[in-house]
Amino acid sequence: EPQLPGWGIYVGGAFGGAASVDDLPNGHSLESRLIAPNIGVSKGMFLGGIPLIVGAGYHPRGFTHKGDRYSQADSALIQFEVENTYDMLDLWATVPYPIGDRAIIQAGFLLGTCIGGKSDDGNSEVDMEDVDGDLDYGIMLGGGFAITEQIGVNVGYYIGLAEFYDPALKFNGLVFNIGYTF
């Protein structure tokens, strides 16, 4: 029977991004950016004989929106750059598959709810209260490596399936963390 980790904690971050469900206006783009921290707890367990690693944590999502907009004051198009961050509480589960004594590949899902967000254009920061309670869910694919029996690193890719916010977005990103198992 495979060995699963006990209770653990982790901290990390993500290179988060988003894809628009609809076409963006010409000259607009959604770009990835570093988002931190991701923090949470995890536990290895069996469910009906299937090995799982489950967890819960705070995993913000976000992206940078760049584009042009018309400025009445300047009577011209001006470039803008807005960093959007969505604070999320998530539950997740992955099925690990060992590929050696210290490494695994894993696939699973993530389900989260938004507890707030901020939009920052460099001059002012605005709370996005209308996103509270919005759900996000998706698939995670990745791997992990045990540095020692208690310390390990994980890297994965999150593929969002939910249409989130308006205009509709789907989150995605490269997630990384370091964890400690008790």
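As shown above, the structure is provided for reference.
All chains use their own residue numbering, which begins from 1 and follows the written sequence. Per-residue local features of the predicted model are confined to residues with pLDDT of at least 70, and side-chain atom pairs are confined, for both listing and counting, to 80 or more; whole-chain, interface and lining totals are unaffected and use all residues. Where side-chain values are given, they derive from all heavy atoms of the structure, hydrogens and water being excluded.

Asker: Hey, could you run me through the packing of aromatic side chains in this one?
Answerer: Where two aromatic rings form a pair, the distance of their centres and the angle of their planes describe that pair. Between rings of Phe, Tyr and Trp, where Trp is taken as its six-membered ring, a pair exists when centres lie within 6.5 Å; planes separated by under 30 degrees are stacked, by over 60 edge-to-face, and by other angles tilted. This structure, assessed with the given rule, holds five aromatic pairs. With 5.7 Å between their ring centres and 40° between their planes, Phe15 and Phe176 make a pair best called tilted. Here Phe15, found in strand S1 (residues 8-20), pairs with Phe176, found in strand S11 (residues 169-181); they are 161 residues apart in sequence, far enough to count as distant. Accessibility expressed as a relative area gives 43% for Phe15, which makes it partly exposed. Only protein chains enter the area calculation, which uses a 1.4 Å probe; residues under 20% of their type maximum are buried, those over 50% are exposed, and those in between are partly exposed. Owing to a relative accessible area of 27%, Phe176 belongs among the partly exposed residues under this scheme. The structure contains a cluster of three or more aromatic residues connected by ring pairs, namely Phe63, Tyr86 and Phe171. A cation over an aromatic ring shows up here: Arg61 above the ring of Tyr158, its NZ or CZ 5.3 Å from the ring centre. Think of it this way: any DSSP run of H or I at least four residues long counts as a helix, any run of E at least two long counts as a strand, and we number them from the N terminus. The criterion for a charge sitting over a ring is simple: Lys NZ or Arg CZ within 6 Å of the ring centre, and within 35 degrees of the ring normal.

Asker: Would you explain the pairing of S1 in this entry?
Answerer: Consecutive side chains of a regular strand alternate in pointing toward one face of the sheet and then the other. Pairing between strands is defined by DSSP: at least two bridges between them are needed. Pairing of S1 with strand S3 (residues 33-47), which is carried by eight bridges, proceeds in the antiparallel orientation. Its bridge partner lying in S3, Gly12 is registered against Asn38. Here S1 pairs with S11 via 13 bridges, running antiparallel. By the bridge assignment, Ala19 is partnered in S11 with Lys170.

Asker: I tried to follow the side chain of Asp87 on my own but got confused; where do I start?
Answerer: Residue position: Asp87 is located in strand S6 (residues 76-98). As a buried residue without a salt bridge, Asp87 has its nearest oppositely charged side chain in Lys118, at a separation of 5.5 Å. Whenever a nitrogen or oxygen atom comes within 3.5 Å of another N or O atom, the pair is scored as a polar contact, on the condition that within protein one atom can donate a hydrogen and the other can accept it, and that pairs from neighbouring residues in sequence are kept only if both atoms are in side chains. Side-chain polar atoms of Asp87 contact the side chain of Tyr58, separated by 2.7 Å. Contacts are assigned to residue pairs that have any heavy atoms within 4.5 Å of one another. If we skip the residues at most four places from it in the chain, Asp87 touches Tyr58, Pro60, Thr113, Cys114, Ile115, Gly116 and Gly117. Under the counting rule used here, the positive set is Lys and Arg, the negative set is Asp and Glu, and His together with the chain ends is not counted. What counts as a salt bridge is simple: a side-chain nitrogen of Lys or Arg found within 4 Å of a carboxyl oxygen of Asp or Glu.

The values are spatial; any link to function lies outside them.
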